[in-house]
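Chains, contacts and geometry: an overview
Chain by chain, the residues:
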Amino acid sequence: DKIFQEVRKYFWRKKNVSCSLFCFGIPFVLLFSSAQCHYSMKKAASFLGIGTENVYFIKTDERGKMVPEELEKQVQRARKEGSAPFLVCATAGTTVLGAFDPLDKIADICEKHGLWLHVDASWGGSALISRKHCRLLHGIHRADSVAWNPHKMLLAGIQCCALLVKDNSGILKKCYSAEAAYLFQQDKFYDVSYDTGDKSIQCSRRPDAFKFWLMWKALGTTGLEERVNRALALARYLVEEIKKREGFRLLLEPEYANVCFWYIPPSLRKMEDGPEFWQKLHQVAPIIKERMMKKGSMMLGYQPHQGKVNFFRQVVISPQVSREDMDFLLDEIELLAKDL
Ligand SMILES: *Cc1c(COP(=O)(O)O)cnc(C)c1O
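The rules we used
- Residues numbered from 1 in each chain as written.
- Predicted model: local features only at pLDDT ≥ 70, side-chain atom pairs only at ≥ 80, totals over all residues.
- Heavy atoms only, no water.
- Helix = DSSP H or I, 4+ residues; strand = E, 2+ residues; numbered from the N terminus.
- Buried < 20%, exposed > 50% of the residue type's maximum accessible area, 1.4 Å probe, protein only.
- Polar contact = N/O pair within 3.5 Å; in protein donor to acceptor, adjacent residues only side chain to side chain.
- Contact = heavy atoms within 4.5 Å.
- Salt bridge = Lys/Arg side-chain N within 4 Å of Asp/Glu carboxyl O.
- Near = heavy atom within 4 Å.
- Areas by Shrake-Rupley, 256 points an atom, 1.4 Å probe, with all protein chains shown as cover.
- Nonpolar A, V, L, I, M, F, W, Y, C, P; charged D, E, K, R; others polar.
- Axes fitted to C-alpha atoms, helices over the stretch in contact; angles between N-to-C directions.
- Parallel < 35°, antiparallel > 145°, perpendicular 65-115°, else oblique.
- Domains from an automatic or database assignment.
- Buried area = accessible area lost by both parts, 1.4 Å probe.

When you line up the elements, Asn 258 lands in strand S8 (residues 258-263). Relative accessible area serves as the criterion here: at 0%, Asn 258 is assigned to the buried category. For Asn 258, the side chain forms a polar contact with the side chain of Trp 123, separated by 2.9 Å. Aside from chain neighbours lying at most four places away, what touches Asn 258 is Thr 94, Thr 95, Val 96, Leu 97, Gly 98, Trp 123, Arg 313, Gln 314 and Val 315.

This structure, assessed with the given rule, holds 24 salt bridges. Between Arg 291 and Asp 339 there is a salt bridge, with the nearest N and O atoms lying 2.8 Å from each other. Separated by 48 residues along the polypeptide, Arg 291 in helix H9 (residues 284-295) and Asp 339 in the segment after helix H10 (323-336) bring together distant segments of the chain. By relative accessible area, Asp 339 is classed as exposed at 56%. Here Glu 332 and Lys 295 are joined by a salt bridge, their closest N and O atoms 2.8 Å apart.

In the neighbourhood of the ligand, the contacting residues comprise His 38, Ser 40, Gly 93, Thr 95, Asp 120, Ser 122, Trp 123, Asn 149, His 151, Lys 152 and Cys 161. Between the ligand and the protein, one listed contact pairs an oxygen atom with a side-chain N or O atom of Thr 95 at 3.2 Å. In the model, a nitrogen atom of the ligand is placed 2.6 Å from a nitrogen or oxygen of the Asp 120 side chain. For the ligand, the accessible surface in isolation is 380 Å², of which the surrounding protein chains cover 73%. Residue composition of the shell around the ligand, grouped by class: two nonpolar, seven polar and two charged.

Attention now goes to unusual backbone geometry. Of note, the amide linkage connecting Ile 158 to Gln 159 takes the cis form, showing an omega dihedral of 0 degrees. Looking at the secondary structure, you find Gln 159 in the loop between strand S5 (145-148) and strand S6 (162-165). In this model, Leu 155 sits at a positive phi of 65 degrees, which is unusual for a non-glycine residue. Inspection of the secondary structure puts Leu 155 in the loop between S5 and S6. The partly exposed category is assigned to Leu 155, whose relative accessible area is 33%.

With that settled, consider the packing of helix H8 (residues 275-282) against H9. At their nearest, the axes of H8 and H9 sit 4 Å apart, and the two run at 20 degrees to each other. Classified by the interaxial angle, the pair formed by H8 and H9 is roughly parallel. Residues Lys 280, Leu 281 and His 282 of H8 form the contact with H9, whose participating residues are Val 284, Ala 285 and Pro 286. Of the residues belonging to the contact of H8 with H9, the class tally is four nonpolar, one polar and one charged.

Right, let's talk about the domain arrangement of the chain for a bit. Taken as a whole, the chain is organised into domain 1 (2-148) and domain 2 (212-336). When each unit is reduced to the centre of its C-alpha atoms, the spacing between domain 1 and domain 2 is 30 Å. At the junction of the two partners, domain 1 supplies 24 residues and domain 2 supplies 25 residues. Taken together, both faces of the contact between domain 1 and domain 2 bury some 1900 Å²; the carbon and sulfur share is 60%. It is Val 96, Trp 123 and Ile 129 in domain 1 that bury the most area against domain 2; as a group they hold 34% of the surface buried on that side. With a shortest N-O distance of 3.0 Å, Glu 255 and Lys 65 are connected by a salt bridge. Where domain 1 touches domain 2, the interface holds 12 residue pairs in polar contact (both at pLDDT 80 or more). In terms of residue class, the side of domain 1 that touches domain 2 is made up of 10 nonpolar, nine polar and five charged.

Take a look at the structure:
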């Protein structure tokens, strides 16, 4: 504690928060993320010495989106308490619900308070390639950094992740370079600013960018766009089918490819909505999952989430699946659960 206090005083004098961030576990450095963000934010805070307790989770609305007014409140509160907020991580496409945080409004708050805006678009970033769906990420041009996984909706071979930064003063090199003299020579015959070798945490790694480049060349931007449009159209088809069928209930109207729903088996359909109903429904998805796995017909994930009992989550991505597959999914659930 004594050391921390000294370090804290030192950095207050220096006002050099960004340096402290990477060197010490300064307890007052804070970052904000939505309550539905990916667990990697917590992990990153742990690795960086920020501490998992210094990630503030901002309330989300009923659709899973960060509430900007809550963010504003939390930032002001943190400032009043003498903490040093430095970053907001917005999520474009949350893992469970596929929700997109309101980037424009969050960017306003970041600008006002001088905070770095990172957008975790790992899952939702691929919508940018579709002219039809890119509006989901409206405001993303204001981000300081963006994480995006072409290995998700674009189906690049796993793994293929991109970190995009707005800064063009070589921030990655400043952060990560160890300037090893036996590698990364600067006196080469070409423009070495494109070398990625000394700009990352790892040393050896696969040429993932090449994989993506090759895929992009082969399919073209329209080919990639078609993948996204097709996946989202199929998700939409599934949603409409769920609405038509007795016993199926959507958690919410999805805006992306995550179709979250409950299956209410025949014995529960007449039951009154109440704690007992939900407690019983909670047990249904694990039973159906066990049956589908033992039969070997499907694999479909389920989870409880934010106070909601176990529900299925069908994320539609592959360009090889069809409407018939969506029908099969629903038929099979009905079949497996008809005696429940
Ligand atoms: C998948 C996902 C991640 C993790 O990405 P990996 O490349 O699998 O580590 C992070 N954030 C969100 C929102 C995701 O959906």
